[in-house]
Every structure is written in structure tokens, then in C-alpha cells.
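In case you want the letters, here they are:
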Amino acid sequence: MSTSGDAPRSPAFGLLFYLLGALVVAGFALGWLPEVSSAHGHGIDRVIKYLLLTTGTLFLVGCVVLGRFILTYGKGEAQEGALVSERTQLLWAVVPVLLMCAISEVGVLVMGLPVFGQVYGEADEDAFEVEVVGKQFEWLIRYPGPDGVFGEVDHDKVHDSRNPLGLVKSDPAARDDVVVRGQLHVPVDRMSIVHLRSLDVIHSFTVPLFRSKQDTLPGYTAYTQFIPEAEGTFELACAELCGLGHYRMQGTVTVQSEEALAEWLSEQEPWL
Ligand SMILES: [Cu+2]
């Protein structure tokens, strides 16, 4: 006995399906993601779109199947003979899961691993190194100075106004270190390595238009890498709710030519 032939058809349900599909298509067509301005950012956008397309399609298919079952079998009447064999049930439970894993997980691995390599893999030899330290509620940026070496820091010497990073005076490498508040300057078309620390709680170094995001934890040194593709000023934000002043934990990333960056750096006084 089959009831599928006289199952009620719901135009509203079909409409919902097409509306959701149209939304996804419109999102792709309009390019809803903000512009991207780093070399690895394009790969991240590709993974985001791939995931949305695959999981979105599976979600829509799931909705249709679910709706179909509700409309067909949802009246609570006994459907003798309508049940399929256990083997078929098992097949329908396992195969979609495997399919989902294959499409989403394998796809993300294939597309995402090269991007991961760009962000966390071996750095270019001529990479520009800078340290960014999060504290409630600002970003402190340290440049190594003319010697190219970050000097020693001591957490006990940290003083908010006199020595915000706790630079050790007796270390010659620390004497030329430049510390500025909230202003990250990096060269265009060259890799930057950002070494990350936190002085208090968990923060998250985030440059949305670079698609860069890296948590920074107290007592731990993290890093992230990027190659900016265009000169300009970009927002630097904290993406980890880190306290009442979290909303104002902002800074700027200035991407400039090598000459302009060298000039700006030469104008900065060493902190000590
Ligand atoms: Cu924060």
C-alpha cells in the first residue's frame, strides 16, 4: 500500500525552498563578503563559499526530504506496509553522513590546507617582523628597531604609562625597540610575521580585510602571517570579548611602500 500518490502537495513549502535557494544565489552574485586585501584571504573566501554552497545545498535537500515525510506520514495514521526494510533504513542513515563528510571535510582539507600553509607555514626569508601585544583595552605594537632584534621583556617591569611592555633597560637589544599604541605599519606585497602576546586575558588579533584572526593568550606566544596586497589603512580589531572596554580595543593597520615605512619607522623614538 502506497500513500505517496495522494500525499497533499504544499505550494508554500516549494516556495520556501526556492526562496532559500534564491537567497544563496543572490548572496554569491552580490559578493556579500567584504573586499579582501591579503594574498591568503582569497583562499579563505573560497573555503567560506564552498562550505556555504555544499552545506547549504545539503540543508535545503534535507528540508525538502523532511517536509515530504511530514506531509506524507505526519497524520498519525498507521502506515502498514509503508515501512522499508531495516537494511534500506540503515543505508539511508549512513550514506548521507558519509557523503556529507566526503564533500565538506575533504573539500575543506583540499582547499584549506594550502591557505593554512600560507598563514602558519614557513615564512619568507625577508619577512617583516613585528610584535603585537594585547591588553585591556588596546593593542601595543613593538618594532625591533635598527638592530632588528626584539629586546628582553620582563612582566614585572610592566607599567601602563612608563613601560607598557616591560622592556628591560639593561638589554642593549631592548634600547632601540619602538613601541606605539594601536598603530601597526607593514610593507605592501611583502610577508609580515606578527608575533602575538597578551598581558592579561585572551584577545584576538583581527584584521577583517586581510581575513586574519589569531587568538592571543597570556603566557603564550602565537603568530600569524600575511602578505598585504594594497596600500591603505585597515581596521585592526579584537575579536574576543575581553572585558567591558572590548568595543574600543581597536587600532589601524597602515600598509605602505618600503620607502614610506622606513621613513615612518625612522621618525619613531625608541621607548626607553
Ligand atoms: Cu581584547
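Here the structure is a predicted model, which means the values were calculated and not measured.

**Q** What's the story with the coordination of the copper ion in this structure? I'm lost.
**A** Six octahedral donors around a metal ideally sit at 90 or 180 degrees from one another, while four tetrahedral donors ideally sit at 109.5 degrees. With distances of 2.1 to 2.5 Å, the protein atoms coordinating the copper ion are H203 (ND1), C238 (SG), C242 (SG) and M249 (SD). Metal-centred angles of 90 to 123° between the 4 donor atoms at the copper ion mark the site as tetrahedral.

**Q** What's the story with the environment of Y223 in this structure? I'm lost.
**A** As for its placement among the helices and strands, Y223 is situated in strand β8 (residues 222–226). Take Y223: its relative accessible area is 31%, and that puts it in the partly exposed class. Other than its neighbours up to four places away in sequence, Y223 contacts V119, Y120, I193, V194, H195, L196 and Q214. Within the structure, Y223 has its side chain in polar contact with the backbone oxygen of Y120 (distance 2.7 Å).

**Q** Is there a simple way to explain the pairing of strand β4 (residues 183–187) in this structure?
**A** Walk down a regular strand and you will see the side chains alternate between the two sheet faces. For β4, a buried count of 4 out of 5 residues is recorded, marking the element as mostly surrounded by other parts of the structure. Across 5 bridges, β4 lies against strand β10 (residues 250–256) in parallel orientation. Its bridge partner being in β10, H185 is matched across the sheet by T254.

Conventions we followed
- Residues numbered from 1 in each chain as written.
- Predicted model: local features only at pLDDT ≥ 70, side-chain atom pairs only at ≥ 80, totals over all residues.
- Heavy atoms only, no water.
- Donors = N, O, S within 2.8 Å, 3.2 Å for Na, K, Ca; no water.
- Tetrahedral: all angles 85-135°; square planar, octahedral: opposite > 155°, others 65-115°.
- Helix = DSSP H or I, 4+ residues; strand = E, 2+ residues; numbered from the N terminus.
- Buried < 20%, exposed > 50% of the residue type's maximum accessible area, 1.4 Å probe, protein only.
- Contact = heavy atoms within 4.5 Å.
- Polar contact = N/O pair within 3.5 Å; in protein donor to acceptor, adjacent residues only side chain to side chain.
- Pairing = 2+ DSSP bridges.

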